[in-house]
Amino acid sequence: MADLSINFAGIKSPNPFWLASAPPTNSGYQIMKAFDAGWGGAVWKTLGVPVINVSSRYGGMNYRDTRISGFNNIELITDRPLADNLREIEEVKKYFPNHAVIASLMVESRKEWEQIIKDVENAGADGIELNFGCPHGMCERGMGSAVGQEPTVLKTIVEWVMAAANIPVITKLSPNITHIESPGLAAVEGGTNALSLINTIKSIIGIDLDTYAPYPVVDGKGSNGGYCGPAVKPIALNMLRQLGQHPQIAGTPISGIGGIETWRDVVEFILLGATSVQVCTAAMHYGFGIVREMDNGLRRFMDERGYKTIYDFAGLALPNVVEWKELNLKHKVVASINKDKCIGCQLCYIACDDTAHQAISISGDQTNRIPSIIEENCVGCNLCSLVCPVENCITMEKRDDGKQHLTWEELTNTDRIPVTFNDERAGGRGHYVPEVADALKHRKN
Amino acid sequence: MSEYKRPITEQDYDKNFKQKKPLMRQSEAFIESSRCLFCFDAPCMHACPTHIDIPLFIKQIHTGNVTGSAETIYDMNWMGNACGKVCPTQVLCEGACVFNNENGKPIEIGRLQNFATNKAISSRTKLFSKGTPNGKSVAVIGAGPSGLACACELSTLGYDVVIFEAKERPSGLTAHGTAPYKITNEEALDEVAYLQEQLGFKIHYLTPVTSEEQLKDIESKYDAVFLGVGIGPTASLNIKGEDLPEVVGAVEFVNELRFAKHTMKLPGSVIVLGGGNTAMDAASESARMGVETVHLVYRRSKEDMGAYYFEYDLAISAGVQSIFNASPKEITGNGKVKGVKFVRTAIENGKLVEVAGSEFEISCDMVIKATGQAKMGSLFQKIPGLQLDSSKRIVVNMETYQTGNPKYFAGGDAVNGGTEVVNCAYEGKQAAKGIHKFLHA
């Protein structure tokens, strides 16, 4: 039986599922409900000098009939007095002493940092998370992502915090930066116990076609918000691995955040090195009960693979993320259509013929709508298998014998790469390209 | 036994004849339209007799461009709303949907189509305009699907169009001949009103064209004539007792029912003769009117029925009892229908034969004949040069729909012998193009 408990930089939690610092963790009531529903930890909505919020705070990015494939918000940190929050932290810890309560903090002066750290420690918080990520509102006031984007400032504040704190400190990073390693390294050099990422991405979720203002519209105007939800997961995964592969950052525990909704998402984050995960949008969309699916799926995955704890597989995907130049150019796959599964939508055909390599043909006869792969034209790009609506109908079949291995790096080192515009060694040379005028043969009268 | 109680009020009637394809709600249309795969060279388009760009109109619904969606539909089919409701979509667009190939649920194309066109019609969205007058005029005989489609298309091309209609209302079989649970009278007539408001063609009601004088007059006043006269009344069976008062034709029965609604008086037991879709409709409707015993009798086997399987299922689920391989020999009764005498049939050497000594009688109070309709032969004889085939259908050039008399064009049931509204709408539109080509050659 899998043991989901974790010890994240000294913060103990019955499972790796934490609620991220956000609206779901605004109050003790909400966090108690979440723990009761199965969450192992919660990062309290960022504490600091209370703010005043606007009305209309969220925007959703819908795809087809899927609501909130992306989500953005312009809500700020807590708008409740610190004393109320501290009292509730204390109460939650009485009910759930073994769950992780982490206080997210955002203040300006060193004096304020020292005071608020003392306060949350006294209230019984298990750890502290430094909010250096918020990309809207707070950054205009020199906090949040304004700190996350200035590694030297970030490092200084981390040093203040580490000098004052007696409980573990997590530094939360902003993705609104060109190289995530810079703030990551600054935090590690400043002495942080752990990192978390990503905070939200600076975004405009859409424009209202009636008011011509960005969503969410506040009295005819809008502001950039912070983007999160399922759509940001790929960005989060990449930043997670960038930190995990950095020689000076590797080894620092990382709490993964960004679009996590299912057990699969959780496993992917752990495979890239995260040892706790934080969730917001999925809870805001479906309620705290969504954790049931994550919990069951993660346990099943671990039991089936024989993993006792999440540390048994944490980071296992990291060595497989390499630079492009290290990929094997001799690896060859081609698409294969399972004719028994094909339903004849011909999306693969038109995707390939219009936008890829003209490697799929159709009969043109309505009674036989199953397309055929033209193997010699197929470059193995995957597009057809991605557009196919039937699971496992188009698969990519290996065609090389696995014996040859040649990388761009090796070619470069041995002076075998194309170097002039019409180089004989161009990869696409000799590959099938239709006659230009053939395009017009498809015209309908 | 019938599953339905006799309708006393119009509300009862509406309940018994509840729409099979009810108008979709906004969220339903949104979710359903999201399922469409946007197939390449989509099979649904090929299956539609009017070749509507179905993936496009579905995508337009999904993106909130419902007006654009209605435009896409009407661009190919002037009876867009009626077809969304009365088309046998199971065997046309929806039957061709690729989701059928994985035993999935096909996209509800008919209801989506109706969603878009209904919105345009009910909000009176301006979608069409009359073409610049070209000084030519065309007479259309019959305000059914083919005549209306022809009139609409000609109007956009700048023709002055006048329709001569024998009945007091337009839409032909849509409002007069389809089962009430497929489309309401109001909805069928409103589409015609909507089209007419924007395209301006005139319709003369209660103006049957039957005499040579009328034809001569029309010929002298118009540059071309379109015959969209459909087919005639129910044909005679030529059996004894057929002239009894309670023996009616199915087409006439449906027509009366659609306008008399709950006030139509029906007896306790009815026999419907026939195996086509009209027979199914008549049987199903009798049951929905609360007739206690409805027998559907067909002289051939179940497999030989011309009706779609789902129309048969619908009749059975309404409480209709079916009898196959029985041919009517006589309608019994003295001044009033008492029953029908049948003889069993069988196939011998590929031919339908009567089984000697197998006569039997079923008692009933009313007989509905759904055994085919007569053709409009007498009118056709008055048009010189018009050619008819052996089934008395007008012979036309299948591209231009021009008849043997160059001034006359024809389409719809008078040409195809009786098909769906959608086929007629297509032919009317094509004929308009043929007329345009003819008059501008």
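Residue positions are given per chain, counting from 1 as you read along its sequence in written order. All chains are assigned letters beginning with A, and all ligands numbers beginning with 1, in the order in which they are written. Local features in this predicted model are restricted to residues whose pLDDT is 70 or higher, and side-chain atom pairs enter the listing and the counts only when it is 80 or higher, whereas totals over whole chains, interfaces and linings include all residues.

**Points about the overall build of chain B**
Filter applied, for reference: Strands are runs of DSSP state E lasting at least 2 residues, helices are runs of H or I lasting at least 4, and numbering of each runs from the N terminus. Our radius of gyration looks at C-alpha atoms and nothing else; its globule reference is 2.2 Å times the residue count to the power 0.38. In this scheme every C-beta is placed from the backbone, and a residue whose C-beta has 20 or more other C-beta atoms within 10 Å is buried, one with 12 or fewer is exposed, and one in between is partly exposed. We call two residues in contact if the C-beta atoms placed from their backbones are at most 7 Å apart.
When you go through chain B residue by residue, the secondary structure sums to 18 helices and 14 strands. On C-alpha atoms alone, chain B measures out to a radius of gyration of 23 Å, which is about the 22 Å that the 2.2 N^0.38 rule sets for 441 residues. Its C-alpha atoms give chain B principal-axis dimensions of roughly 70 × 55 × 50 Å. Across the 441 residues in chain B, those meeting the buried criterion constitute 50%. Restricting the contact set of chain B to residue pairs at least 6 apart, pairs at least 24 apart contribute 71%.

**What about the domain arrangement of chain B?**
Accessible area lost on assembly of the parts is the figure often given for the size of an interface. Note the cut-off: Here the limits of each domain have been adopted from an automatic or database domain assignment.
Each assigned domain of chain B is listed here: domain 1 (19-122), domain 2 (137-232 + 375-439) and domain 3 (247-369). Using C-alpha coordinates to define each centre, domain 1 of chain B is positioned 34 Å away from domain 3 of chain B.

**Quick look at unusual backbone geometry**
Here A:L197 and A:I198 are connected by a cis peptide whose omega angle stands at 10°. Along the polypeptide, A:I198 turns up in the loop between β10 (194-197) and β11 (201-203). Residue A:Y215 is joined to A:P216 through a cis peptide bond whose omega torsion reads -15°. Topologically, A:P216 is positioned in the loop between β11 and β12 (225-228). Of note in this structure, B:D41 is not a glycine but carries a positive phi near 45°. As for its placement among the helices and strands, B:D41 is situated in the loop between α2 (26-34) and α3 (43-47).

**Concerning the interface of chain B and chain A**
Here is the rule we go by: The residue classification treats Ala, Val, Leu, Ile, Met, Phe, Trp, Tyr, Cys and Pro as nonpolar and Asp, Glu, Lys and Arg as charged. All others, Gly included, are polar.
Facing the 13 residues of chain B at the interface are 13 residues of chain A. Going through the elements one at a time, α2 and α3 of chain B are the ones with two or more residues in the side of chain B that touches chain A. Top element by residues in the side of chain B that touches chain A is α2(B). It accounts for 3 residues. For the side of chain B that touches chain A, the per-class residue count stands at 8 nonpolar, 3 polar and 2 charged.

**Some points on the nonpolar core**
Formally: Each nonpolar core reported here comprises buried Ala, Val, Leu, Ile, Met, Phe, Trp, Tyr and Cys residues connected via C-beta atoms within 7 Å.
Formed by 105 residues in total, the largest nonpolar core has its most connected members in B:F226, B:A410 and B:V421. Per element, the largest residue contribution to this core is 8 residues, and it comes from helix α18 (residues 421-439) of chain B. By size, the runner-up hydrophobic cluster in this structure holds 95 residues, among which are A:L47, A:A100, A:L237 and A:I270.

**Examining the domain arrangement of chain A**
Assigned domains of chain A: these are domain 1 (6-318) and domain 2 (324-442). The centre of domain 1 of chain A, based on its C-alpha atoms, is set 41 Å off from the matching centre of domain 2 of chain A.

**Here we look at the sheet that holds strand β8 (residues 127-131) of chain A**
All names here are of chain A. Applicable threshold: Two strands form a pair only when DSSP identifies at least two bridges running between them. Fitting a line to C-alpha atoms yields each axis, with helices limited to the stretch in contact; the angle taken between N-to-C directions then spans 0 to 180 degrees.
Around the barrel, which closes on itself, the 8 strands sit in the order β3-β4-β7-β8-β9-β10-β13-β14 with parallel pairing between neighbours. Going from strand to strand, the sheet's axes swing by 25° on average, the running direction of each strand aside. Along the sheet face, helix α7 (residues 233-244) touches β10, β13 (254-257) and β14 (274-279) and points at about 165° away from the line of β13.

**As for the pairing of β10(A)**
Residues and elements named next belong to chain A. The two faces of β10 match: A194 and S196 on one face and L195 and L197 on the other face are all buried. Looking at chain direction, β10 and β13 are connected through 3 bridges and run parallel. Looking across to β13, one finds that L197 is bridged to G256.

**Observations regarding the packing of helix α2 (residues 82-95) of chain A against helix α3 (residues 110-123) of chain A**
Each packed pair of helices is defined by two parameters, the angle between the axes and the distance between the axes. All names here are of chain A. What counts here: Oblique is the label for any angle not covered by the other classes, which are roughly parallel (under 35 degrees), roughly antiparallel (over 145) and roughly perpendicular (65 to 115).
At a minimum axis separation of 8 Å, α2 and α3 run at an interaxial angle of 30°. Classified by the angle between their axes, α2 and α3 sit roughly parallel to one another. Here L82, L86, I89 and E90 of α2 lie close against α3, whose contacting residues are D119, V120 and A123. Class assignment of the residues belonging to the contact of α2 with α3 gives a composition of 5 nonpolar, no polar and 2 charged.

**Brief notes about the pairing of strand β6 (residues 269-273) of chain B**
Residues and elements named next belong to chain B. Going by this rule: If the strands point away from the viewer and the path from the first strand over the helix to the second runs clockwise, then the crossover is right-handed.
The buried fraction of β6 amounts to 4 of the 5 residues, a majority that puts the element mostly inside the structure. When β6 meets strand β7 (residues 293-297), the two strands line up parallel, connected through 5 bridges. The residue bridging S269 from the neighbouring strand is T293, located in β7. After leaving β6, the chain enters helix α14 (residues 277-288) and then returns to the sheet as β7, a path that is right-handed.

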